[in-house]
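# Fold and geometry: a report
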Amino acid sequence: MRCVIARFAFNLVKSEVLEAMKGIKPEPVTGESVIIGRRTYPVKQVGQVLTGQDRRDFSAAEVTRAMSGLGFTCRPAPAPALTTLDTAAAMLGTPTPA
C-alpha cells in the first residue's frame, strides 16, 4: 500500500511491517497504539522503525492511517484519569452567575 508519512512516499506491505517489528520491544503506550502480532506498540515507535525518520517529523495520525489501511488494529489514546480535584469539581457543579 502506498502511503505518505512526513511528506515521503512509502510502499508498505503487511508482511514487511510484521517482519520489521519482529524482535522490537514495545515501549510503554501513552498515546495512540497499534497492535502488530500479539504486541501493542505506540504508533510513533512503529513509524520511526518503518520510516527511519525522527518521531518529530511525522504525526501519529499519518502512521495510524497507514496501519489501519494495512489491516492492523489501531487504538486511540487512553482517556486521562480524573484527579481528586476533578471529581470534587464535578460533585459541586459549575457556579451560576448571580
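Use the structure listed above.
The text that follows walks through the structure, step by step, so that each part is easy to find. Just so it is clear, the structure is predicted and the values come from calculations on it, not from any experiment. (Residues numbered from 1 in each chain as written. Predicted model: local features only at pLDDT ≥ 70, side-chain atom pairs only at ≥ 80, totals over all residues. Heavy atoms only, no water.)

### Considering the overall build of the chain
Helix and strand counts for the chain come out as four helices and five strands. Secondary structure elements of the chain occur, N-terminal to C-terminal, as β-β-α-β-β-α-α-β-α. Over its C-alpha trace the chain gives a radius of gyration of 18 Å, far above what one expects of a compact globule, namely 13 Å for 98 residues. Projecting the C-alpha coordinates of the chain onto the three principal axes gives extents of approximately 60 × 30 × 25 Å. Counting only residues that meet the buried cut, the chain has 29% of its 98 residues in that class. Residue pairs at least 24 apart in sequence account for 49% of intrachain contacts in the chain once pairs closer than 6 positions are excluded. Carbon together with sulfur atoms contributes 57% to the accessible area of the chain, which is approximately 6800 Å² in total. Averaged over its 12 positive side-chain charges, the chain has a centre that lies 5 Å from the centre of its 8 negative ones. (Helix = DSSP H or I, 4+ residues; strand = E, 2+ residues; numbered from the N terminus. Rg over C-alpha atoms; globule rule 2.2 N^0.38 Å. Buried < 20%, exposed > 50% of the residue type's maximum accessible area, 1.4 Å probe, protein only. Contact = heavy atoms within 4.5 Å. Areas by Shrake-Rupley, 256 points an atom, 1.4 Å probe, with all protein chains shown as cover. Lys, Arg positive; Asp, Glu negative; His and termini not counted. Charge placed at Lys NZ, Arg CZ, Asp CG, Glu CD.)

### What to know about the packing of helix α1 (residues 14-21) against helix α2 (residues 43-51)
Two elements in contact, α1 and α2, have axes separated by 10 Å at closest approach and are oriented at 100°. If you check the angle between α1 and α2, you find them roughly perpendicular. Across the interface between the two elements, Val17, Ala20 and Met21 of α1 pack against Val46, Val49 and Leu50 of α2. The class makeup of the residues in the contact of α1 with α2 is six nonpolar, no polar and no charged. (Axes fitted to C-alpha atoms, helices over the stretch in contact; angles between N-to-C directions. Parallel < 35°, antiparallel > 145°, perpendicular 65-115°, else oblique. Nonpolar A, V, L, I, M, F, W, Y, C, P; charged D, E, K, R; others polar.)

### Re the environment of Leu18
Its location among the elements puts Leu18 in helix α1. Beyond its immediate chain neighbours, meaning those up to four positions away, Leu18 contacts Ile36, Gly37 and Phe72.

### A look at the nonpolar core
In globular proteins that are soluble, nonpolar side chains generally tend to be buried together. Core analysis: the biggest nonpolar cluster contains 19 residues, and Ile5, Val34, Ile36, Val46 and Met67 have the highest contact counts within it. Sorting the residues of this core by element identifies β1 (2-5), α1, β3 (33-36), α2 and α3 (60-69) as the ones contributing at least two each. When residues of this core are assigned to their parent elements, the largest contribution, four residues, is made by α3. If near-sequence neighbours (up to four positions away) are discounted, Met67 is found in contact with Leu12, Val17, Val34, Val46, Leu50, Phe72 and Cys74. (Core = buried A, V, L, I, M, F, W, Y, C linked by side-chain atoms within 4.5 Å.)

### A look at the pairing of β3
Two elements, β3 and strand β4 (residues 39-42), share four bridges in a ladder whose sense is antiparallel. Bridging across to β4, Ile36 finds its partner in Arg39. (Pairing = 2+ DSSP bridges.)

### Regarding unusual backbone geometry
Here the phi dihedral of Ala6 falls at roughly 55°; this positive angle occurs in a residue that is not glycine. Mapped onto the secondary structure, Ala6 falls in the loop between β1 and β2 (8-11). Among the residues examined, Ala6 registers a relative accessible area of 5% and is labelled buried. Unusually for a residue other than glycine, Arg7 sits at a positive phi of about 70°. Turning to its location among the elements, Arg7 is positioned in the loop between β1 and β2. Judged by its relative accessible area of 76%, Arg7 falls in the exposed class.

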